[in-house]
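# Survey of secondary and tertiary structure
In case you want the letters, here they are:
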Amino acid sequence: MHKNKNNGHTEVSIFFPEAVAKIGSCLVRAKRRIVTRKTIPYLLYFPAFIATVGILYPFFRSVVLSFYEYNPTYGPAYFIGVQNYIDLFQGVTSPSFWLSLRVTLIYAFANISIQLILGLGIALLLVRTFAGYRIVRAVVLFPFMIPPIIEAMMWKLMYEPVTGIINYIGSFLGMPRIGWLGDAAWALPSVIVIDVHNFTPFVAIILLAGLQSLPKRPFEAAQVDGASSWFILKNLTFPLLKPVLYVVLLFRMIESLIMFDMIYAATHGGPANATMSIHVNAYYHGMRWTMFGTSFAFLVILWAMVFSGSFFIIRAWRKALEARMV
Amino acid sequence: MLGKRGLVLICLGLVLLMVLSLNGFAQEKKWLLPPEKADVNWAAYKGTTLTIGLNKHPYTESLRPLIPQFEELTGIEVAYVILPEEEFFEKLLIDLSSGAGLFDIYMTSPMFEWRYQYAGWVEDLLPYYNNPKLTDKEWYNREDFFPLVLRANEWDGTIGGGMGEGRWNGIPVMVEFFVQAYREDLRKKWGLIVPKDYPEWYDVVTKADEQGGADFFGIVERGIRSWSTVHSGYYTGFNSWGQKELTKDLYASIDTPKAIEFTKIWVKALQDAGVPGWPTYTWYDGMESYAAGRIYMYNDCDFFAATYENPAKSTIAGKSGYALPPAGPDGRIASNLWTWALGMSALSRHKEAAWLFLQWATSYHSMIDATVKHDNFNPTRKSIWEHPDVANMVKNWGAYPGQYAENVNLMLTKYGDIRWTPNPDVTAVGDIWCDALHEAYARQKTVEQALKDSTRGINRVMRKWRIALGIEK
Amino acid sequence: MAYLEIRNLTKEYGKVKALDGFTLEVEHNELVVILGQPGAGKTTLLMTLAGLEPFTQGEIILDDEDIVDKPTELRDIAMVFETYALYPHLTVGENITFSFYSYRAKRAGLSKEKITERVKRITEMLEISDLLKRYPRELSGGQMQRVSLARALVRSPKLLLLDEPIAHLDAKLRHRLRPELRRLQKQTGVATLYTTTDYMEAFGIADKILVLHEGVSLQIGTKEDIWNKPAHRIIGNLLGVPSMNIIPGGRPKIMNGKMNIFTEDGLQIPVDKEQQTRIQEKSIEKIDIGIHPSDIRPVGGGEYKPVLRGEIYVYEPLGIKGALSVKVNKRIIRVQTPARYEQRKVGEKIDLYFKETDTHLFDSKSGLNILFMR
Amino acid sequence: MSRNKKILYTIAIVIVMIWTCFPIGWMVLTSLKSPPDVYAYPPKIIFKPILDNWLNVLLGQEWTGTAYITVHTDIPRYFMNSFLIACGATLIAFLLGLPAAYSLARYKFFGKENFAFTLLSFRFAPGLIVIFGIYQLYQRTGLFDTHFGVMAVHQLLLLPFVVWMMRSYIAAIPIDIERAARVDGYSWLGVFTKVTLPLLKPALAASAVIAFIYSWNEFLLGYVVTGPNARPMTPALLGFISYERVLWGQMAAAAVLGMLPSIVLSLFVQRYVVAGLSFGAVKG
């Protein structure tokens, strides 16, 4: 502030250093008031929260629309309560919800169990060191790096019924020509094989890392006691590996249940609906037939399935972690 | 020696002569002239940008090189999005149903237009056509289109009928019918006949399958889970047997005794003489295997001939014959029809400019270039079909000279039509129907049972239309 | 005004009070030891002073300046953590000089030479000059401790906080480092707060000791004060090896004009005049008696009249001293002895003597020393 | 190990390697085949390798039988798109996720576990359920067919992953180290950049690589929110199912190209990735 001699009035010039300092200190004080110990965690979380909201908006919109008859071909959306869900549970949609549920569950269950067993096997193989083990470990991880859509195309090339390499190799083993992805009986197993090839490395590598992080003492003790390798696996490795197994289970469950690109690229849900998972079914209802209300009902149920599954796995995982810490 | 003046005079005279003669010519056939001569203010929407959604298709390939001409002519900028078929329709559907309105013009087809018209996503073209400020009818010459194909893109919105009346939803740019493409060389070698009905057809393909050995197959059809599997060979036969997929009351009628009888023959042919894993076959898989010489017969689009007869793409060029589809028990021959058309989005913000593009792209001038220079088959304008270059091109396709052209001609005039019952959910009906064929093929269900089960699904999809029409409460 | 003044500092975690009305004055060059059991709130106190944890109310004045609102980095306080908290990605040298490269320190503008000189002095003092190029993971516990100390001292901070700095070292190293720490502190003259659970450490190093229990400061005083007049029964527990004998639940009774305390175990312990008046004044009903093992003497041959009579329960030779456990009635009384008691047999009868004035009487209810009761 | 066991062990490893590599190898072989070789039956394992598919995909050089002509190829552009998007998405995920992870790891606050679980639950959402709304949103905001738009929508996958991984990494760093740095005169931000971040370096590398791979491999979201401009590699590969023929050779070449970056990247930081994948799992 400085006094203007001419008229005696006090003027504040914002260009004056004092004023600037004043504004600065105001800002600092404002900042102090906003950035307090109580608010810091929220402030840090805020950017992610905004993104969360951005993602949640379309999500909730779809959830709301699942209670509407929403078919843009037919007309504007109107509220019909849980009718879409009733239709699903009565199995009147075509392909029916129950069929899709079966496919989805078989797909997820087969995936998870095969991948866990295979992955654990591979992890146990690779946990030992041998000549070139580093290269083997790196190479085993390769399929995980391949986009599922490319993986599906890759296998489609090999599954090709007439010219494909798999039927060719099969012919030496006396197998008849099989339609694989085009055969209603073989399609689902064939897609599962693709998924297994794509994601077993993920399971194997996480379990491998888990194995490496295990304490050495109990194993040495068991070996001194002359325990069989099966006994060690069952009573030592497995329980100690539990938290890691749960994480693998969680990720594989989520991704198997909502897998879309691989199934769609490989079979379009056919033949004879043999691979019509819930996600693909919802896709047909929405993206092809504009029955978006029904489609969203499918997806909400799928989401609820994944959500509740994850909830229980995460709880079990926490428990396992605590058990291991004690 | 002529003086300078003389030279100028002669030049002037020549130019005058040319202009005069052109004028005189134009009075008779104005539509043969380049677009500059049309009575249209091409430059009216200079600076606009149009976005066009195109399916990856030979027509698209033939249109793309022509677009710069349009941009130069009008000063309108054209952005185009080319997507593979499935993705194209999905993107289009998301775009239209979400009201986003990315596309001004898109490639479409009657079966999709029915949905789009009901949803209010496609613009009626007639008002633009009838607007003298925008259209030079004489130059555009709409009458040149085959009436059958033009009619397919018109609909008055009556569910169950009304084709060829009311709104004009799209301008056809190519048309295809479903014929028998077979190996003439092998037919002669093995002493087979060209089947005239479906029992004969079954015999022929099974015999060919036996003759060909382990790596050769009697028949291929497209097979993926899609309405298009039903649409092509299957519906062609189904309709020859006098069947329709919906009753007048919009209930499914795909499980009538005759339908079952036909379906049994058809599925059995695929089981006994078809490629393994038929349900994975897209139409291009089928085309590819046929062109690779592994298949005796492919009942699908006639214009695949352009690939079969091209030695660069095919190992069997010149070895194919093309025949009308087999007849039904009453001797009825009836092929389904497919046509790609250009339509205008109702969400477009540049509708007049879009019409200029449509008018230009489907004029004789553009379409003759597309066919002659860039292989767009089958053309939808009579005049192009009659053009000597085109006639010359297709002359040698088939078992005997002119077989291909003869077939197309018969189709266009006599046997071909859109056989589906017009309704907005026709693609859903087809998708569900296809499941029945897959189930019967996989021997999971009997043909009767499979068709009956699909009937239920179709009935549910059609329920809201029955309610809308007051047939059901 | 003292150099550091902490007034009425209170910190609540929900309903639990981690610090309750904590008050302390520390002079320049003074080393105050905060003695307390694990969980007493020692670390919380230091964190609060360093500004690493918020508190509910109170005042902290350092060098005539209220530092309550100052963020940690501006307080100019150095701290040595129980875990040492060395920066794993930096070498020892970088660890020690880390503070000189903060924005604030850079502005203060200490020249490179000065930094080097200081580092040299401090590392020589702590005998770690040859470790400067190493990474923390390559150090032993004692080395890490000294590095963390060097990191704190090199700054010559206004206040030094040492959080159980030698607790995780082995006994030998602890004994060696203790005097070293005191010498260093006196050399640098930084006011220091030092926490520990070990009374020996506290006695060995402190100018002043504060006993902290459950967030409450029980007693502040010199080591003599703490040893001779523990203000609270709990302090007795903290002191000595073996720790103070506490005989609970005694009732004072006057016999022959002299007060005695009769415990539940049937022991009879005399009380001196001063204590007697105090008990009567405050009309205390139940008394716990504390006696340092070192104040009890085994006697024989009538030189002193024995106060207690019992039998030898066990004897632990502790080198220069011994710890004798004597069973009196049902109670074990621990006695500190010279080494010669080794020869005595278990079960042998023994007489114990201690002065009346050496007993510490605590009110059973509040646990307070009766002398400190208000 | 006994001799027999050793042989069994070796056989097992060989089987695993074949199972892993054969499909990839077949793809690579296919990318080197001429069209007749691709369709040959029996399938050819020995053939005359050609680079035509690669030339076509990378440079747009097509062999017409007599000469190379220049045709249009978008694959290098899509490749760059994917690269840009994967890098950008990873960066955004860390910019948004790292503070959140720090907050979850270091502070106790009301509703913390709920926040964390909500974030994770995005992973549960089938892509389709959000896509319709996102498409509409994008068209309105002009994010459709922009690189940033794809990066943003990929946060659906990356953000939960980054937050949960980094949360466990940060929790594993003793808090006293940060406190010590505060005491040493560093502001909160100074501590974060000078101490926490350097300590997180290996963890960051591992998570970043995996996030990159997630983004690179994603199909459905990128497919819906892009047109020809910002289109990533995975949806573009579908384009090889062309009208006239399935260009298996070229598609294989493009597909090999499409998996190359992830594989190369993972080789570089293989050790970090293995450590990183397990770290979050074990520590929780």
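Residues numbered from 1 in each chain as written. Chains lettered and ligands numbered in written order. Predicted model: local features only at pLDDT ≥ 70, side-chain atom pairs only at ≥ 80, totals over all residues. Heavy atoms only, no water.

It is worth spelling out the state of the cysteines at this point. This structure, assessed with the given rule, holds 0 disulfides over all chains. With no disulfide partner, C434(B) has as its closest neighbouring cysteine sulfur the one in C301(B), 16 Å distant. (Disulfide = S-S within 2.5 Å.)

The next thing to look at is the domain arrangement of chain D. Residue and element names in this part refer to chain D. Entries for chain D in the domain assignment read domain 1 (3-70) and domain 2 (75-277). For domain 1 and domain 2, the distance between their C-alpha centroids amounts to 31 Å. Taken together, the 14 residues of domain 1 in the interface contact 15 residues of domain 2. Counting the surface lost from both domain 1 and domain 2, the interface buries some 1200 Å², and carbon and sulfur atoms represent 78% of this. When residues of domain 1 are sorted by the area they lose upon contact with domain 2, M27, W54 and V57 head the list and together hold 44% of the total. Between domain 1 and domain 2 we count 0 salt bridges in total. The interface formed by domain 1 and domain 2 contains 0 residue pairs in polar contact (both at pLDDT 80 or more). When residues of the side of domain 1 that touches domain 2 are traced back to their parent elements, those giving at least two are α1 (3-31), α2 (35-38) and α3 (52-59). Split into classes, the residues belonging to the side of domain 1 that touches domain 2 amount to 9 nonpolar, 4 polar and 1 charged. (Domains from an automatic or database assignment. Contact = heavy atoms within 4.5 Å. Buried area = accessible area lost by both parts, 1.4 Å probe. Salt bridge = Lys/Arg side-chain N within 4 Å of Asp/Glu carboxyl O. Polar contact = N/O pair within 3.5 Å; in protein donor to acceptor, adjacent residues only side chain to side chain. Helix = DSSP H or I, 4+ residues; strand = E, 2+ residues; numbered from the N terminus. Nonpolar A, V, L, I, M, F, W, Y, C, P; charged D, E, K, R; others polar.)

Residues and elements named next belong to chain C. Ordered by their spatial adjacency, 5 strands build an open sheet running β13-β12-β11-β14-β20, and the pairing between neighbours is antiparallel. The open sheet is flanked by β13 (268-270) and β20 (360-363), the only strands paired with a single partner. Ignoring which end each strand starts from, the neighbouring axes of this sheet average 40° apart. With 4 bridges connecting them, strand β14 (residues 287-291) and β20 associate as antiparallel partners. Following the sheet pairing, I287 is matched in β20 by D363. Helix α11 (residues 273-282) rests against β11 (245-255), β12 (258-262), β14 and β20 of the sheet, and its axis sits at about 75° to β12. (Pairing = 2+ DSSP bridges. Axes fitted to C-alpha atoms, helices over the stretch in contact; angles between N-to-C directions.)

In this complex, chain D contributes 87 residues to the contact, which on the side of chain A involves 87 residues. At the boundary of chain D and chain A, one finds 1 salt bridge. Residue R318(A) is joined to E113(D) by a salt bridge in which the shortest nitrogen-to-oxygen separation is 3.0 Å. One can count 10 residue pairs in polar contact (both at pLDDT 80 or more) joining chain D with chain A. If you tally residues by element for the side of chain D that touches chain A, the top one is α1(D), at 14 residues.

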